[in-house]
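Listed below, chain by chain, are the residues.
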Amino acid sequence: MQAVDALSLVGEVLSWFGLGIGIPALLFAAVVGALDGRWDEIEIAVVDRDGYSLARWFAQGDFHERPLRRSESPYAEPGWHAGFVSSNDPQRARLGEPPHLRRVLVTLGIVFCSVGVLGLIASLMPLLF
């Protein structure tokens, strides 16, 4: 087996692997983005009521309130904090950064698709040499 044939074989495996994971990841990221919508930055008030910390915000013409989650304990101090609210569902708000799922899926999709395209180019080497 010559070196070009070995490179072609490895390239074909990488192209199937890369494109087989990368394209579904990008499609899933598009679906998550469509369902999740964009996250708008807002100010969220944290208040202490009867020993419980509550988050309160005003979005899309309505007042919303919910108890703080455990992951939001760094924001438990009463006062105003930066947060994000979903444009699709104003009852979904979070203190701190918006969710990273879509960004992670897009990054993985681009990396795997890049590996797949490079593998596809490498698998076509015997046709050129």
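Worth saying up front: this structure is predicted, and the values here are computed from it rather than measured.

Undergrad: Even after reading the chapter, I still don't get the sheet that holds strand β3 (residues 62-67), so can you show me in this structure?
TA: One key point about sheets: their strands pair by backbone hydrogen bonds, in either a parallel or an antiparallel sense. Judged by pairing direction, the sheet is antiparallel, and its five strands sit side by side in the order β3-β2-β1-β4-β5 without closing on themselves. Edge positions in the sheet fall to β3 and β5 (93-95), since each has one partner strand and no second. If you compare each strand with its neighbour and ignore which way they point, the axes differ by 35° on average. Bridging between strand β4 (residues 79-86) and β5 involves three bridges; their strand directions are antiparallel.

Undergrad: Would you mind going over the packing of aromatic side chains with me for this structure?
TA: For any two aromatic rings, the description comes down to two numbers: the centre-to-centre distance and the angle of the planes. By the definition in use, this model includes one aromatic pair. Judged by centre distance (5.8 Å) and plane angle (75°), the ring pair of Phe-17 and Phe-112 falls under edge-to-face. Linking Phe-17 in helix α1 (residues 3-36) with Phe-112 in helix α2 (residues 101-123), this pair joins segments that are 95 residues apart in sequence.

Undergrad: Teacher, can you tell me more about α2 here?
TA: Turn by turn, an α-helix covers 3.6 residues, leaving residues three or four places apart pointing in a common direction. Helix length check: α2 (23 residues) gives 32 Å between terminal C-alpha atoms against 33 Å at 1.5 Å per residue, within 8%. Along α2, the residues classified as buried are Leu-105, Gly-109, Cys-113, Gly-116, Gly-119, Ala-122 and Ser-123. The secondary structure elements touched by the buried residues of α2 are α1 and α3 (125-128).

Undergrad: How should the layout of surface pockets be read in this particular structure?
TA: To find leftover empty space, one rolls a probe the size of a water molecule over the atoms. Computed from the structure, the largest pocket encloses a volume of approximately 160 Å³. Val-32, Asp-36, Trp-39, Arg-92, Pro-98, Pro-99, Leu-101, Arg-102 and Arg-103 are the residues that line the largest pocket. Mapped onto the lining of the largest pocket, the elements with two or more residues apiece are α1 and α2. Tallying contributions element by element places α2 first for the lining of the largest pocket, with three residues. Taken together, the residues that form the lining of the largest pocket break down as five nonpolar, no polar and four charged.

Here is what the cut-offs are and how they apply
Residues numbered from 1 in each chain as written. Predicted model: local features only at pLDDT ≥ 70, side-chain atom pairs only at ≥ 80, totals over all residues. Heavy atoms only, no water. Pairing = 2+ DSSP bridges. Helix = DSSP H or I, 4+ residues; strand = E, 2+ residues; numbered from the N terminus. Axes fitted to C-alpha atoms, helices over the stretch in contact; angles between N-to-C directions. Phe/Tyr/Trp six-rings, centres within 6.5 Å; stacked < 30°, edge-to-face > 60°. Expected span 1.5 Å × (residues − 1). Buried < 20%, exposed > 50% of the residue type's maximum accessible area, 1.4 Å probe, protein only. Contact = heavy atoms within 4.5 Å. 1 Å grid on protein atoms, 1.4 Å probe; cavity = no way out; pocket = protein on both sides within 12 Å on 5 of 7 lines; lining within 4 Å. Points joined across faces, edges and corners; volume = space filled by probe spheres on them. Nonpolar A, V, L, I, M, F, W, Y, C, P; charged D, E, K, R; others polar.

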